[in-house]
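Topology and contacts: notes
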Amino acid sequence: MTATTDQLEHCDIPVTGMTCAACSARVQRALERTPGVSAATVNLMTNQATVDFDPGAIDPVGLVEVIRDTGYGAEIPRAEVAPEDLVAAQDETRAEEITTLGRKVVVSGVAAVVAMGFMVIPSGWDMRITNLILLGISLPVVFWAGRHFYTRAWAGFRHHSADMSTLIAVGTGAAFIFSLATTLAAEWFAARGLEPHVYYEAVVWVIALVLLGNLLEAKAKGRTSQAIRKLLGLRPRTARVVRDGGEVEVPLSDLAVGDVVVVRPGEKIPADGTVIEGRSNVDESMLTGEPLPVDKEAGDSVVGATLNRNGALKVRVTATGAATVLSQIVRLVQQAQGTKAPIQHLADRVSAVFVPVILCIAIATFVIWFDIGPGPWYVHALAAAVTVLVIACPCAMGLAVPTAVMVATGRGAERGVLFKGGDVLQRASELDVVVVDKTGTVTEGRPTVTEVIAIAADRATILRLVASLERRSEHPLAEAIVDAAAREGIELREPDRFEVFAGQGVLGLVEGREVVIGNSGLMRARNIDPAPLIDRADALAAGGATAVFVALDGSLAGLLAIADPIKDSSAAAIERLHRLGLEIVMLTGDARRTAESVARATGIDRVIAEVLPDEKLAVIRRLQQDGKVVAMVGDGLNDAPALAQADVGIAIGTGTDVAIEAGGVTLMRGDLAGVPQALELARRTLRVIRQNLFWAFIYNVIGVPIAAGVLYPVFGLLLTPTIAGAAMAASSVSVVSNSLRLRTA
Amino acid sequence: MTASQWVVTLGGAGAIAWVIYYFFLAARAGATARLGAAGIQRVAIEVLGGYAPSTVTVRRGLPVELEFHRADSDSCTEEVVLEDFGIRQYLPAYQTTAIQFTPTESGTFAFSCGMGMVHGRLVVQDEVSNDGHN
């Protein structure tokens, strides 16, 4: 990637092989000493050299050479093709293909109907005249509409490869050449007692039907990548930038990191950034699948392409173009579509040998009909061989898996579920156990005051005095109390005295009153009787909360319940996972009692509590050793080793964390609701893939022998090439259409 | 059997043998990547009903750039898949699309069209002669 600033150019070069700071320093020194380089930094963490250089003195190739001379690897960074450019190119080619195919379908379709008219309506003309007219009708179809079948078959043949075009070209080509011979040399055939049979009508019909199939297939294939188009379409075209004190509307491509943009209510946020002014609700559903709008105020980060709803925001841009979350999502989806599901390997093995094998079957069919078939032998032999070639459909097999993976990964992205590839989709459909991390996954991950029980003073007074005192404490529970007071807008005072009783609580003087906060032990030690609230405290503890007693001026005044609240969506998500027949295991470092109460409240089957962070991986491994296929759901940072060990790692994002490395699946939403969505989609996809493969295989396994005439000896049944052409066209279209059903998954 | 049946039977057997030989056993045209100034190994591959050359030999550990020129608009070959390198790339018709990656392991890796019918092979060797052609 290079960028120009005045006369200098800027270039980022990926460097490989660096292991320590000495390595990066060495590369950096070498670059700095290079004539033409004005500044160079080498980052060990990102394995990247950032160089400002004079293009008149050196170029990126020279810089790569300099790095290589130091003994480390480097390669020229390739300019990344923007996903929208790629999609636009694809759309353009597809549109051209559809237009051309459309014209060819019309011409060949009309020719087919006319040819059929000649065959079925007796004209009273001499057979030779009729044949010449049919030849005339078939010429534009063979040499214009179907020409590409022959040119492609020939090009493939030169490279020792064969595809659908080969089958159509050989089938219709043989029938056409034979018909041409009987038309032009009818006497020669007649002299030998052979009926001069022609196949023009079959040739025209087969080409027309296969073209129609290609047309429908091209249209359907275009729809398989619609999700990416939809994602790219979310981006606004322009941004309102603050420049020289005024607002200027600029194209998105002119937006730079550091720009301040103004986003009015109802407008889309043009790029990723941080709110510096204003307050609003932002609808992020298009990227995260989260239906509720998110509150944004100064300091919050926002994602480009999300919708600002009710307030004006000023946003400082932190990422543009390919670096934005939206572009990363699109790239991730495109990469996912590049990987194959293991189930495809069987289809690949069959596809690789399919066409030559069909050619062999067609030759054998011809020979058998010629040798032992009923008369007219050559008519049957040729018709059966051509029918075999035309009915065989390699496309259905080739399309069965990739189309389903494309639609499913795109559909997932629309709902905030990002699959890393087809292999992940397949594994996610085969799970037995889903292991969920408790803190931050099932629960909010931050202790919160859930209840304030006041018996000797009003609630606000208790909260004000307690929070004023706890402000001096560094205990995690203290933070929850101070947050609770802040949420209620309570103004805190400075305590006059503050004393910590380790493991028990704190004591101090606030507003001239003595405040004691802590467990029952501390109360008793201060001669305060906790008995009036002891039952409530026990009940709260049984529910997974921590109970904190409060005494004012030597007498018990209240009780605070502090707990890590369960996310609203957790129980419903676990219920949906149960409906998929999955066992749900919760993994946590917390005490068993707290963990079990969370499990009871959410319907989790099994709890593995008091697990140290580095033991999570071992727990996953043990489950796998028991023969279970395991998914691990957790955050991508702390749970990374366990996510990587699991058969499917499901990383819960925070709405902007797209490229979570450890996860096979990334959920843009920060809760469990995406997990059943992801697994249901994976199962449905695999069901569609199996249907597609079954259909593609069974179609060929049954169709080819029938076309060869295996039913003829018993039932007298023989397919015509025209019927074979129709069946072949329907076969591949049906596979793509079946995959497209996943768009509503 | 009549003479013509003998001719057709033997001709058919010969044709089947030839199809098997030509599509499965015959040697394919290959090329060795040309090592460029920046250490990038480049090979131009024409996509027209197949890949020419269909076997490409490169050196391990150095970046490779395969320049696919798609010479027609046939949708069968609109994508190229190098599964071992996690690449599925759309190839715009009548254009050259460069695909860059660095093979870190030696061995033979298949590449194919999106539907798995048209095939090529990438042979990654520890050392290759540097005077290749493409």
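On a predicted model such as this, the values are computed, not experimentally measured, just so you know.

Scoring rules and cut-offs
- Residues numbered from 1 in each chain as written.
- Chains lettered and ligands numbered in written order.
- Predicted model: local features only at pLDDT ≥ 70, side-chain atom pairs only at ≥ 80, totals over all residues.
- Heavy atoms only, no water.
- Helix = DSSP H or I, 4+ residues; strand = E, 2+ residues; numbered from the N terminus.
- Buried < 20%, exposed > 50% of the residue type's maximum accessible area, 1.4 Å probe, protein only.
- Polar contact = N/O pair within 3.5 Å; in protein donor to acceptor, adjacent residues only side chain to side chain.
- Contact = heavy atoms within 4.5 Å.
- Axes fitted to C-alpha atoms, helices over the stretch in contact; angles between N-to-C directions.
- Parallel < 35°, antiparallel > 145°, perpendicular 65-115°, else oblique.
- Nonpolar A, V, L, I, M, F, W, Y, C, P; charged D, E, K, R; others polar.
- Core = buried A, V, L, I, M, F, W, Y, C linked by side-chain atoms within 4.5 Å.
- Phe/Tyr/Trp six-rings, centres within 6.5 Å; stacked < 30°, edge-to-face > 60°.
- Pairing = 2+ DSSP bridges.
- Expected span 1.5 Å × (residues − 1).
- Buried area = accessible area lost by both parts, 1.4 Å probe.
- Patch = residues over 30% accessible without salt bridge, like charges linked within 9 Å, V, L, I, M, F, W, Y side chains within 5 Å.
- Areas by Shrake-Rupley, 256 points an atom, 1.4 Å probe, with all protein chains shown as cover.
- Salt bridge = Lys/Arg side-chain N within 4 Å of Asp/Glu carboxyl O.

Once that is clear, we can look at the side chain of B:Gln5. Looking at the element boundaries, B:Gln5 is found in helix α1 (residues 3-25). Judged by its relative accessible area of 13%, B:Gln5 is buried. Of note is the side chain of B:Gln5, whose polar atom sits 2.9 Å from the backbone nitrogen of B:Thr2. If we ignore the near neighbours within four places in the chain, the residues touching B:Gln5 are A:Phe370 and A:Asp371.

The subject of this paragraph is the packing of helix α4 (residues 127-145) of chain A against helix α5 (residues 147-158) of chain A. All names here are of chain A. Viewed as axis vectors pointing N to C, α4 and α5 meet at an angle of 45°, and their least axial separation amounts to 4 Å. Relative to α5, α4 is oriented oblique. Residue-level contacts link Val142, Phe143, Trp144 and Ala145 of α4 to Arg147, His148 and Tyr150 of α5. Looking at side-chain class alone, the contact of α4 with α5 contains 5 nonpolar, 1 polar and 1 charged residues.

It is worth spelling out the nonpolar core at this point. In this structure, A:Val434, A:Leu679, B:Leu66 and B:Phe68 are the most contacted members of the largest nonpolar core, which totals 146 residues. If near-sequence neighbours (up to four positions away) are discounted, A:Val434 is found in contact with A:Leu577, A:Leu582, A:Glu583, A:Ile584, A:Val585, A:Ala631, A:Val633, A:Val675 and A:Leu679.

With that out of the way, let us pick up the packing of aromatic side chains. All names here are of chain A. All told, the structure shown has 18 aromatic pairs over all chains when counted by the stated rule. When the ring of Phe366 is compared with that of Phe370, the centres are 6.0 Å apart and the planes differ by 20°; the resulting orientation is stacked. Separated by 4 residues within a single helix, Phe366 and Phe370 lie in helix α12 (residues 344-372), roughly one turn from each other. Ring centres 5.8 Å apart and planes at 45° place the aromatic pair Trp695 and Tyr699 in the tilted group. Of this pair, Trp695 and Tyr699 both sit in helix α25 (residues 674-708), 4 residues apart, which is roughly one turn of the helix. Owing to a relative accessible area of 37%, Trp695 belongs among the partly exposed residues under this scheme. Look at Tyr699 and you get buried, because its relative accessible area is 9%.

Before going further, it helps to examine the sheet that holds strand β15 (residues 433-437) of chain A. All names here are of chain A. Strand order across the open sheet formed by 7 strands is β14-β26-β25-β24-β15-β22-β23, with mixed pairing between neighbours. Both outer strands of the open sheet, β14 (417-419) and β23 (606-608), are each paired with one neighbouring strand and no more. Neighbouring strand axes in the sheet, compared pairwise and without regard to direction, differ in orientation by 20° on average. Looking at chain direction, β15 and strand β22 (residues 583-587) are connected through 5 bridges and run parallel. Bridging from a neighbouring strand, Val433 pairs with Glu583 of β22. Across the sheet, helix α22 (residues 592-602) is in contact with β22 and β23; its angle to β23 comes to roughly 155°.

Glancing now at the sheet that holds strand β1 (residues 30-32) of chain B. The strands making up a sheet are joined through hydrogen bonds of the backbone, oriented either antiparallel or parallel. Residues and elements named next belong to chain B. The mixed open sheet is built from 6 strands, whose spatial order is β1-β5-β11-β10-β7-β8. At either margin of the open sheet sits one strand with a lone partner, and together these are β1 and β8 (87-90). Adjacent strand axes in the sheet meet at a mean angle of 20° when their direction is disregarded. Pairing between strand β7 (residues 79-82) and β8: 4 bridges, direction antiparallel. Following the sheet pairing, Glu79 is matched in β8 by Tyr90.

Once that is clear, we can look at helix α8 (residues 200-224) of chain A. Along its 25 residues, α8(A) runs 36 Å from first to last C-alpha, staying within 8% of the 36 Å computed at 1.5 Å per residue. A large share of α8(A) lies buried, amounting to 20 of its 25 residues.

Turning to the interface of chain A and chain B, a few remarks are in order. If you look at the interface, chain A gives 49 residues, while chain B gives 54 residues. Buried surface at the junction of chain A and chain B, summed over both partners, amounts to about 4600 Å²; 60% is from carbon and sulfur atoms. Here chain A is connected to chain B by 5 residue pairs in polar contact (both at pLDDT 80 or more). Looking at the side of chain A that touches chain B, the elements that each hand over two or more residues are α2 (60-69), α3 (83-120), α5, α6 (164-184), α12 and α14 (394-414) of chain A.

Once that is clear, we can look at the environment of B:Ser112. Along the polypeptide, B:Ser112 turns up in strand β10 (residues 107-113). Residues B:Ser112 and B:Ser54, spaced 58 residues apart in sequence, show a C-alpha to C-alpha distance of 9.8 Å. Not counting residues within four places of it along the chain, the set of residues in contact with B:Ser112 comprises A:Lys340, B:Tyr51, B:Glu79, B:Val80, B:Val81, B:Val118 and B:His119.

Here we come to a nonpolar patch on the surface. A grouping of A:Val353, A:Val357, A:Ile361, B:Trp18, B:Ile20, B:Tyr21, B:Phe24 and B:Leu25 is seen on the molecular surface, where their side chains present a nonpolar patch of about 700 Å² in accessible area. Secondary structure elements with two or more residues in the nonpolar patch: α12 of chain A together with α1 of chain B. With respect to the helices and strands, A:Val353 occurs in helix α12. Residue A:Val353 is classed as partly exposed on the basis of its relative accessible area of 34%.

Residues B:Ala52 and B:Pro53 are joined by a peptide bond in cis, for which omega reads 0°. Turning to its location among the elements, B:Pro53 is positioned in the loop between β4 (51-52) and β5 (55-59). For A:Asp553, which is not glycine, the phi dihedral falls at a positive 50°. With respect to the helices and strands, A:Asp553 occurs in the loop between β20 (546-552) and β21 (555-563). A residue is classified by how much of its surface remains accessible, and A:Asp553, at 43% relative accessible area, is partly exposed. One non-glycine residue, A:Glu610, lies in positive phi territory at about 55°.

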